[in-house]
Protein chains: 2
Amino acid sequence: MVEHMKWWGWGRESVSFSHADKPALAPFIRANIGLDITRPPTQAPAFGDLRVDGPVLPDGLRDALVAAVGAEHVHTDALERVVHAYGKSLRDLVRIRAGDLGRLPDAVVYPGGEDEVRAVLAAALVADAVVIPFGGGSNISGSLEAPRGETRPVLSVDLGRLDRVLDIDTDARLARIQAGALGPNLEEQLNAQGWTLGHFPDSFSHSTLGGWIATRSSGMQSDKYGDISEITRAVRVVTPAGVLVTRAVPSQSTGPSVREMILGSEGRLGLITEATVQVHRVPEERTILGYFFPTWDEALIAMREIAESEAAPTVTRVADPGETRFSLATSKKGSPVSRLVSNGLKQYLARVKHFDLERMCLSFIGFEGSPGHVRIQRKVVGEIVKRHGGVCVGTSPGQLYDQKKFDTPYIRDFLLGQGALADVSETSTSWSQLATLYTGVVARAHKAFDEIGVKGWIMCHLSHSYHSGACLYFTFAFTSPVALEALERYDVVKSAVQQGFLDLGGTLSHHHAVGTEHAAWLGEDISPAGVSLVSALFEGVDPGHNLNPGKIVPSGSTAG
Amino acid sequence: MVEHMKWWGWGRESVSFSHADKPALAPFIRANIGLDITRPPTQAPAFGDLRVDGPVLPDGLRDALVAAVGAEHVHTDALERVVHAYGKSLRDLVRIRAGDLGRLPDAVVYPGGEDEVRAVLAAALVADAVVIPFGGGSNISGSLEAPRGETRPVLSVDLGRLDRVLDIDTDARLARIQAGALGPNLEEQLNAQGWTLGHFPDSFSHSTLGGWIATRSSGMQSDKYGDISEITRAVRVVTPAGVLVTRAVPSQSTGPSVREMILGSEGRLGLITEATVQVHRVPEERTILGYFFPTWDEALIAMREIAESEAAPTVTRVADPGETRFSLATSKKGSPVSRLVSNGLKQYLARVKHFDLERMCLSFIGFEGSPGHVRIQRKVVGEIVKRHGGVCVGTSPGQLYDQKKFDTPYIRDFLLGQGALADVSETSTSWSQLATLYTGVVARAHKAFDEIGVKGWIMCHLSHSYHSGACLYFTFAFTSPVALEALERYDVVKSAVQQGFLDLGGTLSHHHAVGTEHAAWLGEDISPAGVSLVSALFEGVDPGHNLNPGKIVPSGSTAG
């Protein structure tokens, strides 16, 4: 039985975000977006209130699907179809709360192996149906929904039954893992033998290996373990031309990389069934240290110097002043962080270190390996931090961050219940462009807030450092009635932020993919000639547009 | 003025390989392939003896090319056309010595900037001509020659005038460099400002940035600096759909990577004019240490453990027993290596360490960075080496290797002059597969030598270590009259080696690309469905097959 997230929101039914144990949060939100979160929330919608049209599934196709995977793995009931209609973008959450279900899939199919995936794809192509692969359903770029006007049958192919670690090659440090394995599941299977994948995106609990590959995901320890594009050494993909199999060799010079074509392909080239991925021994020691920097500018320079140094931390992360204040405001009463901050640290930072508490920035830097290795890395980093006026505040904030990092997505549903829209946009750019991009994007967001007449909030953190630059991750929010009309105002802000990325030397997305949400900007990012290459690939492999049409490059936009 | 290599062989006219100062070499070669290299060599062919047909260049095309780049940059003379006819594979060297020039280009064009490259491509497409980009001409996979039966005009577009480092972003540690810059030229421009690219393939002196990108090149310090696919952060490429421009961002999630489609594209998608590449500060300290291991098996395990350790060497390289003996036999009289070996080291290794001198393996491991960093790395590596019975022999062999590393390709011409064919084939595979692949490929080569009735030689080194595996680089040789017919016997050996790679878990090529030489095996490496993706891309971008046709995927082999 494949478990799914709430049909109307993020995560498990039993889990939700609460402000009750975080005394500083309600005042913080009231001050910054004028919202009273202590009021009783709007309840999540009742499933019975949804209007779910019946599926359109030709008998021949249904029979072929039943022959492919067995009758018990072909679902056409309303709940299954609604669960598979969308990902979990803000737009998805608002629409589902409003009962706008879009173009529901006509059937949800759960193949149990690669042969069954092949049979499903073959049946779909014979019937001229649309095939949308579904992993954990956490996508926030619109990659999982069928085009509104799609008149052909639409199948959501849920890979959730393909959830096993098949093999660990301990010499090559490679594991073969089925594409439908969720983060916690595969990590547990690896840990049981002393290994880890080291890939921990915020969506970790509810996303799959295949989904990570299909969207070029990045985890919070990417500084050490690499993005999924580096972690993934080989793929198996069911395509219209047969099963694509690449070799798990460490590097090769065999034409344009087919492995790289699959990375980020969002179902447009086929269905990923398995990957061979780099795994690592669970490290002997693992520490995340917290630091405060006096200003964002100093913090950015320190991050750049760490990337340039001989240290090799696993995590480099720093919040801007706004996100720092937000983090402190969400600390639980009696938690290590609230104790740390109340224990005279603020006084020390203000009086002894002359920090402006409104401008200071909270940073986490992670270290892994043997105790000796960790000691050396900490020393190198510590010297850089000190040179930029930073102060180490020990392991307790990092431990807390580490425990709570996968809970963040629950906040959006909480805020929707209270009457605010919150969302995220992320980019990457070079070290030389980071500060300019940050300042420009914040200014554009505020201009957009003014335009739609709200008191808005935008905050940011840097994460994922590389040789030449880093990722900037923005979160923005404003108070609004939660209804379809609100999405027009949301679009003004979201567009201003995305356009800012492109105008200021960033990319459309560092790790959230393109889907439909970002497709309009693709040409600005990779140039029209670049789009023509991607289109040529999609058109050649899938001339009938049966494979997740409309994603990345909208259908109808062609090469040349 | 763009300088070129000898039209008939590798490198500068003034440089050649000699055995005279290497007293152990002639006996070594006599013993192993029965060849007497002390006999007077066959002279290189005289240019005047070649039969060069006139070019077929329609007036309209010639006029358009002259309009594009100026009359002085359009060449149709015999020498220019012969220089641009081939790369420098063994097949190329044998053919050119035999006066077999293949399908010569009709004109050689030297654009001076991206606009001129655009104009050249536009003119070629209007005239339905074939365009073959040319960098340093060092390719050994047949990527530079026109198909024999090509009836359309053929243009070799030499990027040699695009040779400047345009900009160094010192914060982002990125440099914008024109694609036609040769290794020594660009490294000199970078060094002048304290920077290095760190990319040093064997072909370094005669290969270009654009060529490295077009073939997915790898340099001998790739353990630290990465393969060219990692070094290259953005590209500019003149394609039929316009100038493709990607952004120099450190990582992105914007569909299948267009940057990666250009890497390894061998001219099939367009002409690379510029790239933004990662650069590094010239390191404070740089050391290459030599080690001897008692056996190849122990050496391979040590290399794997080094890759798994917290050390991060810049170079990891170890020769098998055959290549170790060859290296010692090529050491110059009075050189540090010959002194080292004669100075009782062999006695020490044999008597004290109980090495079998016929089985021992010479290794080089490189370290860079601050003195403290280098010290720690050396210590970690030293402990691993010791655990596997290895002995450090100091810096002198490494220094010699470092000085002579770019001279190796001259040996092939020397041997051709003496009457022997020598060539290289390289692959990569996982750590778990390395020993099996090595043994199997050596056995297959010897079976092939038996089949063609020669006393052949094959030797190997490991280089380029990765998380999950490494590159194995084989060199083989046998005595033979140097004539076109000899290529049939060469093909028996070359094919046996390449097929061995694929049968035993390796890849077709780690860094020498596909071209025409390896194209027949592509489907076995990346699977037929993988070939159909690559074909779809090429067909969509270049439906008329004007861009370097026949390379990677032979024309006529189509998608799906």
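Residues numbered from 1 in each chain as written. Chains lettered and ligands numbered in written order. Predicted model: local features only at pLDDT ≥ 70, side-chain atom pairs only at ≥ 80, totals over all residues.

S.K.: Explanation requested: the overall build of chain A in the structure shown.
M.R.: Regarding its fold elements, chain A presents 19 helices and 18 strands. Taking 24 Å as the expected radius of gyration for a compact globule of 560 residues, we find that chain A reaches 23 Å, a close match to that expectation. Each principal axis of the C-alpha atoms in chain A carries an extent, and together these give about 75 × 55 × 45 Å. When each of the 560 residues of chain A is scored for burial, the buried share is 57%. Taking as baseline every contact in chain A between residues at least 6 positions apart, the subset at least 24 positions apart corresponds to 77%. (Helix = DSSP H or I, 4+ residues; strand = E, 2+ residues; numbered from the N terminus. Rg over C-alpha atoms; globule rule 2.2 N^0.38 Å. Buried ≥ 20, exposed ≤ 12 C-beta atoms within 10 Å, placed from the backbone. Contact = placed C-beta atoms within 7 Å.)

S.K.: Whenever I open this one, the sheet that holds strand S2 (residues 107-109) of chain B confuses me. Can you help?
M.R.: Two modes of strand pairing occur in sheets, parallel and antiparallel, and in both the strands are linked by backbone hydrogen bonds. All names here are of chain B. Taken in spatial order, the 4 strands line up as S1-S2-S4-S3 in an open sheet, and their pairing is mixed. A single partner strand is all that each edge strand has here, and the edge strands are strand S1 (74-75) and strand S3 (130-134). Across 2 bridges, the pairing between S1 and S2 is antiparallel. Paired with Val74 across the strands is Val109, a residue of S2. (Pairing = 2+ DSSP bridges.)

S.K.: Can you help me understand the domain arrangement of chain A in this one?
M.R.: Many structure descriptions define interface size as the accessible area lost when the parts assemble. All names here are of chain A. Assigned domains of chain A: these are domain 1 (44-158), domain 2 (165-281), domain 3 (285-407) and domain 4 (518-560). Domain 1 and domain 2 are separated by 24 Å when their C-alpha centres are compared. Counting residues at the interface gives 14 residues for domain 1, matched by 18 residues for domain 2. Elements with a contribution of two residues or more to the side of domain 1 that touches domain 2: helix H5 (114-126) and strand S3 (130-134). Looking at the side of domain 1 that touches domain 2, the element that brings in the most residues is H5, giving 5 residues. Among the residues forming the side of domain 1 that touches domain 2, the class breakdown is 6 nonpolar, 6 polar and 2 charged. (Domains from an automatic or database assignment. Nonpolar A, V, L, I, M, F, W, Y, C, P; charged D, E, K, R; others polar.)

S.K.: What's the story with the nonpolar core in this structure? I'm lost.
M.R.: Core analysis: the largest hydrophobic core is formed by 312 residues, its most contacted members being Leu533 of chain A together with Leu533 of chain B. Leaving out residues up to four positions away in the same chain, Leu533 of chain A has contacts with Leu244, Val258, Met261, Leu269, Leu537 and Val541 of chain B. (Core = buried A, V, L, I, M, F, W, Y, C linked by C-beta atoms within 7 Å.)

S.K.: Would you explain the interface of chain B and chain A in this entry?
M.R.: At the junction of the two partners, chain B supplies 80 residues and chain A supplies 80 residues. Secondary structure elements with two or more residues in the side of chain B that touches chain A: strand S8 (232-239), strand S9 (242-245), helix H10 (258-262), helix H11 (296-308), strand S16 (420-430), strand S18 (469-479) and helix H19 (522-541) of chain B. When residues in the side of chain B that touches chain A are grouped by element, the largest group, 15 residues, is from H19 of chain B.

S.K.: Looking at this structure, I do not really get the pairing of strand S5 (residues 165-169) of chain B. What am I missing?
M.R.: On any regular strand, side chains alternate: one points to one face of the sheet, the next to the other face. All names here are of chain B. Of the pairings in the sheet, the one linking S5 to strand S6 (residues 174-178) comprises 4 bridges and is antiparallel in character. By the bridge assignment, Val165 is partnered in S6 with Ile177. Taking the residues that link successive antiparallel strands as the turn, the S5-S6 hairpin has 4 residues, and the phi of Arg173 there is positive, at about 55 degrees.

S.K.: Would you explain the sheet that holds S3 of chain A in this entry?
M.R.: One open sheet accounts for 4 strands, arranged S1-S2-S4-S3 (chain A); its pairing is mixed. The two strands at the open ends of the sheet, each matched to only one other strand, are strand S1 (74-75) and S3 of chain A.

S.K.: Hey, could you run me through helix H18 (residues 486-503) of chain A in this one?
M.R.: Along an α-helix, a turn takes 3.6 residues, which lines up residues three or four apart on a common side. Residues and elements named next belong to chain A. An ideal rise of 1.5 Å per residue puts 26 Å on 18 residues; H18 measures up with 26 Å between its terminal C-alpha atoms. Every buried residue of H18 is accounted for by Ala486, Arg489, Tyr490, Val493, Lys494, Ala496, Val497, Gln498, Gly500 and Phe501. Of the surrounding elements, those touching the buried residues of H18 are helix H4 (90-97), strand S16 (420-430), helix H17 (434-452) and strand S18 (469-479). Gly505 occupies a position one or two residues after H18 and carries a positive phi of about 90 degrees. (Expected span 1.5 Å × (residues − 1).)

S.K.: Would you take a moment to explain the relation of the copies chain B and chain A for this structure?
M.R.: The operation linking the two copies of the chain is a rotation about an axis combined with a translation along the axis. Between chain B and chain A, the superposition needs a rotation of 180 degrees and an axial shift of 0.0 Å, giving an RMSD of 0.0 Å. Each copy turns onto its partner about a two-fold axis. Distance from the rotation axis, computed per C-alpha, reaches its smallest value in chain B at Leu537 of chain B: 2.3 Å. Take the interface residues of chain B: 100% of them recur as interface residues in chain A, which is what a same-surface contact looks like. (Least-squares fit on C-alpha atoms with pLDDT ≥ 70 in both.)

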